[in-house]
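Structural overview for review
Letter by letter, the chains look like this.
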Amino acid sequence: MSSQDIPEEKLPAEPGAAHGAVRAADEENPFADPGLPPHEHRIQDIDERAAKRSERTVALLFTVSMLATLGFIASYVWIPNDKSVYIFPLGHISAMNFALGLTLGVALFCIGAGAVHWARTLMSDAELADERHPIEASPEVRAKVHADFKQGAKESAIGRRPLIRNTLLGALTLVPFSGLFLLRDLGSLPHEKLRHTMWAKGKRLVNMNTNQPLRPEDITTGSLTFAKPDGLEEEGNEEYQTEIAKAALMIVRLQPDNIKDKRELEWSHQGIVAYSKICTHVGCPISLYEQQTHHVLCPCHQSTFDLSDGARVIFGPAGHALPQLRIGVDSEGYLQALGDFEEPVGPAFWERG
Amino acid sequence: MKKLSARRRHPLAAVVVLLLALAATGGLYTAFAPASKAKADESAQSLTIEEGKKLYEVGCASCHGAGGQGTTDGPSLVGVGAAAVDFQVGTGRMPAQQPGAQVPRKKVIYTQAEIDQLAAYIASLGAGPSVPTKNQYSPEGADIAKGGELFRTNCAQCHNFTGKGGALTHGKFAPDLEGVQPKHIYEAMQTGPQNMPSFPDTVMPEKAKKDIIGYLNAVNSDQTKNPGGLELGGLGPVSEGLFAWIFGLGALVVVAVWVAARTAKAKKS
Amino acid sequence: MSTTASNPTRSRGKAPAGEKLADWADGRLGIYSLAKANMRKIFPDHWSFMLGEVCLYSFLIIILTGVYLTLFFHPSMNEVVYHGSYVPLQGQLMSEAFNSTLHISFEVRGGLLIRQIHHWAALVFLAGMFVHMMRVFFTGAFRKPREVNWLFGFLLFVLGMFTGFTGYSLPDDLLSGTGVRFMEGAILSVPIIGTYISFFLFGGEFPGHDFVARFYSIHILLLPGIMLGLVVGHLILVFYHKHTQFAGPGKTNNNVVGMPLLPVYMAKAGGFFFLVFGAIAAIAAIAQINPIWAIGPYRPDQVSTGAQPDWYMGMAEGLIRAMPGWEINFWGHTLVLGVFIPLVLFGVVLIAIALYPFIEAWVTGDKREHHILDRPRNAPTRTAFGAAWIAWYFVLLVGGGNDLWATHFHLSINAITWFVRIAFFVVPVLTFIVTKRICLSLQRRDRDKVLHGRESGIIKRLPHGEFIEVHEPLSQEQLYTLTAHHQYEPVEIGPTVDENGVERKVKGTEKLRAKLSRAYYGEGNQIAKPTVEEYKEITSGHGHH
């Protein structure tokens, strides 16, 4: 970029800069820097009574802080932790939290206010100036450092003995790989895990609310029901969260005439359709079902799916339709899955295809 | 209590408008009209379907049709049941004032006796859920924790963690549930008003509904404890962030101005 | 090496205890040499110079309260049954992390207060950094020699966002769990390696049993450790460079005018720590934040409406909400553009912020040190860029909170999303143009004030009947302050033919720079400041115009 360097004299002058051309202390220049204005006294500097008042104010603030700290300790000791008080306009709040917070706040704030008031009214307010020095080293220092470095490099003979240099570089390049390998056991490999859920042929659809298997007649038009696969229990099951994160199901009943998508109709049972509850965008449990429009909305990013049309995306950032679960009825009249989802549920990923 | 919650909301809302310099949208902001709670007439008079029919013909038939069969302006009411009528008319949603994305809750214009008569008439048109009894919807004896779990599974996605309401598509919304009578919450779950899906007893048993009402009563009433202080609308990080900017950083900037300002000079003219 | 013996004048043994201690320390740490340079160091007074202190102090508050919280928090995802005092959750299954957060909130006395101070301070910290960066940007304080410190500050802001995000996820509540799920979805969208990163981060499938413990060490050790180092470096550089100052009488590029560290700034800055801490403690007493008990424990099949991240992630949230759902499938692979583009854009915007000082330095070609701050109006293009960026950021914040905008202003969520999609492109451009116009007219006003004086509001009638407004001439202080800024000339492409008549090839970068330079400093992009000649011509003889 050196060909594009701009000579310094072409740049406008900085105020007060040494190389600034115009700045002379001439009377002729109306824009010249008049210099620091003379110091003016504050009332506290000339009136001892005012200064005394300031002193008392500062001391008062520090005293209030002490009292507030005592108040903090008293609140901690005497207020029951579960006591609730009504304070307008805050509402029913914890007396302990309110008392501790306010006393602590006052204790701290008064220390600060006292110190600042002290500084503002009693400490000297005469403006002082510090000189600045260029950050850059002088040319001599620069030359010395460069020479020292060259000397050091020469003494190390790194330039003369490339074998040492190259093997060292090789060793330093390789050694971080150990660290990389150590990270391998952070997690298992994806394999086909994102493609499968607990759903399988014959798994009954169990109502999340009652933990009972669902029958088709339980599902009325306009209702919304959530289901999980039979055998997935929350209590004492370490894998519950991971399994429900994929298997959560949303069940609604539509009028078969209203179903526009042919495959959706095929995979439904008497108009009952079961869709994955996990949004195909980034995985929020989507379930804001509008029963008149048959749209479901995701509360996280507002992807909207039309449940009467194969759950295709009609608005928002999701990229593909919600996966549908093929359902039927088993011999005892309960709703059952006729297989796993045919495509991965949840957010899309590179290997999804 | 309604007044209180409106006031509590007010400063925040006002600041939102100020900060975001959205004077233009200010007009859109309307405080929740306090729904006057029609004192339920406990001693229900003997309901006659005839009287309900008369009320229906005056107030409802223009949209729902003379026999409740529905028109282009309003759905059929055959089979919606007394619970739906009690909910829609008892919360002031019906009769609807104007067409829009959604019919909102407003001032109730019928007395409870009249509502009961209307409900009886509609119920006579076709079988549907009946108005629940106090025993069914009273929060007494509910398992609040179970209700919380049910609420988060079935309701929170639209109504927010503690029932503060939320947005749906194209201007529709799930309303705030504070101050809604338990009976109406029960009826809403039973009948699925407007775009809300229903949660019939077959999939959400009576007890579960009662538990949900118990939970809402615990976390979203004027008696709800917010130990940490101002609830900030219970809306989560958005209102918290606004508060942090305005009252946190704002206050600190004011303090910084004071710290850095020069003290007044004695001979300032 | 011993210097003690060579100093016979020092009356040893009689010195006060404090002095003796200082002597002791100096003999070992050399504190006197440090103190000589720094004890009476001058700091200029301006409220906006304290914004950085707001960040520093809220960072300290976060560390203090954070250490306290670690004493009680259990970073474990083991399933437990709740038996604590919050009735609406009793008997519920939850992770130990959530359970211990409830314990901190309800059983540990003062625990709720510390939790709230920690969280409020985090929000204020990020907001403070945002505003501090804006101050540095709009006044040009990032110019040489402070580019490195700009990078330090920028890294602090980015790391602060991620530290905040990991901390927000620790309680394993339904809201933060939804946020973590979003993060997992975003990672999955990364081509080729996304799935693997996700499995390695979560120890297998989402949510697994590991992420709380892993986020915990990231949140309390890794990121804050780096940040602490950066903060120290940032402060050392502030001391080393000495603070910038606004132009004014006696204030030059070669000095810094203000008050000494000892005693004034010791009291003011030290006091300000207590003021910040006190204010945040009071906020934590008054306003509730992140009530996880009302939110409930995380379950991947549950969700609540109004699922938002903390404000500083609002920009990313807005990007992701406004993005159309583009997805490309090819050869058995999926390119999730709908998620990946916002992710990339987020990174690109951050990098652009980091690089801005270097871009501007390249355009001006100025290699000198700058210690006098620009008034934003005197750098119209930079100011317009900054304003456009803020407007863009705000549009995305609206997008990130579109559901709350919809419910609170009775709007359609779809309409808001469409507004954001259009405003994303339109609003920054409009803001840029308008801001630049405003800056230029303010420059014109300054010029008029210098040349014609300040409008006094006094109307005078001249003998021949003409009415004029009396303009009061400015004092020399004001004249100097209003003309102290420097104005660059646009860079021209150098001669394309050298002295031998050989044509030189003009590089593309050179053309680009000339073009950018014209946009920054060319005609119509800044108002020439009045010259002495102009001033003299107007003021001599003619009186008021």
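Conventions and cut-offs
Every chain is numbered independently, its residues counted from 1 as its sequence is written. Ligands are numbered from 1 and chains lettered from A, in the order in which they are written. Restriction of local features to residues with pLDDT of at least 70 applies here, the model being predicted, together with a cutoff of 80 or more for giving and counting side-chain atom pairs; totals for whole chains, interfaces and linings are based on all residues. A pair of residues counts as a contact when their C-beta atoms, built from backbone coordinates, are separated by no more than 7 Å. In this description a helix means any DSSP run of H or I spanning at least four residues, a strand means any run of E spanning at least two, and both kinds are numbered starting from the N terminus. A pair of strands is treated as paired once DSSP finds two or more bridges between them. Note on residue classes: Ala, Val, Leu, Ile, Met, Phe, Trp, Tyr, Cys and Pro are nonpolar, Asp, Glu, Lys and Arg are charged, and everything else, Gly too, is polar. Helix axes are fitted only over the stretch in contact, all axes being lines through C-alpha atoms; the angle between N-to-C directions runs from 0 to 180 degrees. Roughly parallel covers angles under 35 degrees, roughly antiparallel covers those over 145, roughly perpendicular covers 65 to 115, and oblique covers all other angles. For a crossing to be left-handed, the near helix must be turned anticlockwise from the far one by less than a right angle; the clockwise case is right-handed. For every residue, the predictor reports its confidence as pLDDT, a number between 0 and 100.

1. Some remarks on the interface of chain B and chain A
Taken together, the contact between chain B and chain A spans 40 residues of the former and 41 residues of the latter. Secondary structure elements with two or more residues in the side of chain B that touches chain A: α1 (2–19), α8 (144–154) and α9 (156–159) of chain B. A total of three residues in the side of chain B that touches chain A trace back to one element, the largest contributor, which is α8(B).

2. Some remarks on the sheet that holds strand β6 (residues 249–253) of chain A
Residue and element names in this part refer to chain A. In spatial order, the strands read β4-β5-β6-β7-β12; together these five strands make up an open sheet with antiparallel pairing. Strand pairing shows two members of the sheet lacking a second neighbour, β4 (205–207) and β12 (324–325), which therefore form its edges. Relative to β6, strand β5 (residues 225–229) is paired through three bridges, and the arrangement is antiparallel. In the strand pairing of β6, T225 is matched with I251.

3. Points about the interface of chain C and chain A
Listed as interface residues are 109 residues of chain C and, on the opposing side, 93 residues of chain A. For the side of chain C that touches chain A, the element with the most residues is helix α10 (residues 261–286) of chain C, which contributes 18 residues. Grouping the constituent residues of the side of chain C that touches chain A by class yields 53 nonpolar, 37 polar and 19 charged. Relative to strand β5 (residues 255–260) of chain C, strand β3 (residues 128–131) of chain A runs antiparallel, the two sharing four bridges. Bridging across to β5(C), A129(A) finds its partner in V257(C).

4. Quick notes on the packing of helix α10 (residues 182–191) of chain B against helix α11 (residues 206–219) of chain B
Residue and element names in this part refer to chain B. With their axes 10 Å apart at the nearest point, α10 and α11 run at an angle of 135° to one another. One way to sum up the angle between α10 and α11 is to call them oblique. You can see that α10 and α11 cross each other, and the crossing is right-handed. Between α10 and α11, the contacting residues are P182, I185, Y186 and M189 on the first element and K209, I213 and L216 on the second. When grouped by side-chain class, the residues that make up the contact of α10 with α11 number six nonpolar, no polar and one charged.

5. Structural notes on the sheet that holds β5(C)
One key point about sheets: their strands pair by backbone hydrogen bonds, in either a parallel or an antiparallel sense. Pairing is antiparallel in the open sheet, where three strands are placed in the order β3(A)-β5(C)-β1(C). Pairing within the sheet leaves two strands with one partner each, and these edge strands are β3 of chain A together with β1 (42–43) of chain C. Taken strand by strand, α10(C) contacts β1 and β5 of chain C, and its axis lies near 70° from that of β5(C).

6. Digging into the pairing of strand β10 (residues 467–472) of chain C
Looking along a regular strand, one sees the side chains alternate between the two faces of the sheet. Residues and elements named next belong to chain C. Pairing analysis gives five bridges linking strand β9 (residues 454–461) to β10, with the strands arranged antiparallel. Residue R461 lies in a different strand from β10, and its bridge partner there is F467. The loop that links β9 with its antiparallel partner β10 comprises five residues; one of these, G465, has a positive phi angle of about 100°.

7. Overview of the pairing of strand β2 (residues 91–94) of chain A
Residue and element names in this part refer to chain A. The pairing of strand β1 (residues 84–87) with β2 spans four bridges and is classified as antiparallel. Its bridge partner being in β2, Y86 is matched across the sheet by H92. Connecting the antiparallel pair β1 and β2 is a turn made up of three residues.

8. Examining the confidence of the model for chain A
For chain A, the mean per-residue pLDDT works out to 91, and 93% of the residues sit at or above 70. This stretch, residues 17–25 of chain A, has a pLDDT under 50; its non-local contacts, to residues over four places away or in other chains, come to nine contacts.

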